[in-house]
Amino acid sequence: MSHVFTAHLWFASLFFLSSISLTIYLLAMKKKCDIFTKLPAKIIFYTELTLSGIVPLLGLWIVIGQSFWLKFPNFHYKLTLAILSIGLIHWANAKMRKACKAESSSFNFILFLRVSALILLTLAYNLGLSLVDYSLL
């Protein structure tokens, strides 16, 4: 079961890196809708989308396989933060698609959602790492 835990940590790290990369790309580009036409941005976008589905599934597999994690203090906070951050990422991506189709000016709100999601994701990841340290005691 430790291989699932290691895979979860790796995929969570890759998800975080892809989310940061996409947010930086959005900030750097002057045209907001280039993300769906340029190949590097498409790769980052779909990598983020894929990993945002894999990470919760691996986390669920860990919780089902090793239910002792539910007894740890702060585990529920980590779980809530992770679900909120992934939800915010998906909401920002949906708003981004709508903004590109309608050419609306909600770009600042999309960036706010993405940065908020990254902050929540960082907190969730660090809470998870502290739980790992706590479980080793």
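Note that residues are indexed from 1 along each chain, following the sequence as it is written. pLDDT decides what is reported in this predicted model: residues at 70 or higher carry local features, side-chain atom pairs at 80 or more are listed and counted, and totals for whole chains, interfaces and linings draw on all residues regardless. Side-chain measures were taken over the full set of non-hydrogen atoms in the model, leaving aside hydrogen atoms and water.

(A) Representation of the overall build of the protein. Along the backbone of the protein there are four helices and zero strands. Reading the protein from its N end, one meets helices and strands in the order α-α-α-α. We call a residue buried when its accessible area falls under 20% of the maximum for its residue type, exposed when it is over 50%, and partly exposed in between, using a 1.4 Å probe and counting protein chains only. Here the protein, with 137 residues, has 38% of them falling under the buried criterion. Summing over all exposed atoms, the protein offers an accessible surface of approximately 8,200 Å²; the carbon and sulfur share of this is 72%. The way it works is that DSSP assigns letters per residue, a run of H or I at least four long becomes a helix, a run of E at least two long becomes a strand, and they are numbered from the N terminus. Throughout, the Shrake-Rupley method with a 1.4 Å probe supplies accessible areas, and for residues the shown protein chains are the sole cover considered.

(B) Region of interest: the layout of surface pockets. Using protein atoms alone on a 1 Å grid, points that fit a 1.4 Å probe yet trap it form a cavity, whereas open point sets bounded by protein on both sides within 12 Å along at least five of seven lines form a pocket; residues with an atom within 4 Å of a point count as lining. Grid points are joined across faces, edges and corners, and a volume is the space filled by probe spheres set on the points. In this structure, the largest pocket occupies an estimated 490 Å³ of space. Lining the largest pocket are 25 residues, and of these His8, Gly59, Lys78, Leu79 and Ala82 lie nearest its centre. The set of elements that each furnish at least two residues to the lining of the largest pocket consists of helix H1 (2-28), helix H2 (39-65), helix H3 (75-102) and helix H4 (107-135). Ranked by residue count, the leading element in the lining of the largest pocket is H4, at seven residues. Throughout this entry, Asp, Glu, Lys and Arg are counted as charged residues, while Ala, Val, Leu, Ile, Met, Phe, Trp, Tyr, Cys and Pro are counted as nonpolar. The remaining residues, Gly among them, count as polar. Each residue belonging to the lining of the largest pocket can be placed in one class, and the counts come to 21 nonpolar, three polar and one charged.

(C) Layout of the nonpolar core. The term nonpolar core refers to a set of buried residues drawn from Ala, Val, Leu, Ile, Met, Phe, Trp, Tyr and Cys, joined through side-chain atoms within 4.5 Å. Judged by nonpolar contacts, the single largest core of 27 residues is most densely connected at Phe15, Leu26, Ile35, Leu81, Leu88, Met96 and Ile110. Top element by residues in this core is H4. It accounts for nine residues. Contacts are residue-level and defined by heavy atoms, with any inter-residue pair within 4.5 Å sufficient. Ignoring sequence-local partners within four residues, the contact set of Met96 consists of Leu26, Ile35, Phe36, Phe45 and Ile110. Judged by nonpolar contacts, the second largest core, of 10 residues, contains Val4, Phe5, Trp69 and Val132.

(D) Region of interest: H2. The end-to-end C-alpha distance of H2 is 38 Å, a good match for the 39 Å that 27 residues give at a rise of 1.5 Å each. For H2, every residue scored as buried is listed here: Ala41, Phe45, Glu48, Leu51, Ser52, Val55, Leu58, Gly59, Ile62 and Val63. Every helix has an expected span of 1.5 Å times one less than the residues it contains.

(E) Spotlight on the side chain of Ser85. Residue position: Ser85 is located in helix H3. Overall, the relative accessible area of 0% leaves Ser85 in the buried class. Excluding residues that lie within four positions of it along the chain, Ser85 makes contacts with Ala117, Leu120 and Leu121.

(F) Summary view of the pattern of salt bridges. Just to be clear on terms, a salt bridge is a Lys or Arg side-chain nitrogen sitting within 4 Å of an Asp or Glu carboxyl oxygen. Per the stated rule, a full pass over the model turns up one salt bridge. Linking Arg114 and Glu48 is a salt bridge whose minimum nitrogen-to-oxygen distance equals 2.7 Å. With Arg114 in helix H4 and Glu48 in helix H2, this pair connects stretches of sequence that are 66 residues apart.

(G) Quick look at the packing of H2 against H3. For helices, the fitted line uses only the C-alpha atoms of the stretch in contact; every axis is such a line through C-alpha atoms, and the angle between N-to-C directions lies from 0 to 180 degrees. In contact at an axis separation of 11 Å, H2 and H3 are set at 155 degrees when each is read in the N-to-C sense. The angle between the axes of H2 and H3 places the two elements in the roughly antiparallel class. Of the two possible hands of crossing, H2 and H3 adopt the one that is left-handed. Facing H2, whose interface residues are Phe45, Tyr46, Glu48, Leu49, Ser52, Pro56 and Val63, H3 presents Phe75, Ile86, Ile89, His90, Asn93, Met96 and Arg97. When the residues that make up the contact of H2 with H3 are grouped by side-chain class, the tally is nine nonpolar, three polar and two charged. For classification purposes, angles smaller than 35 degrees are called roughly parallel, those larger than 145 roughly antiparallel, those between 65 and 115 roughly perpendicular, and all remaining angles oblique. In this scheme the crossing of two helices becomes right-handed for a clockwise turn of the near helix relative to the far one and left-handed for an anticlockwise turn of less than a right angle.

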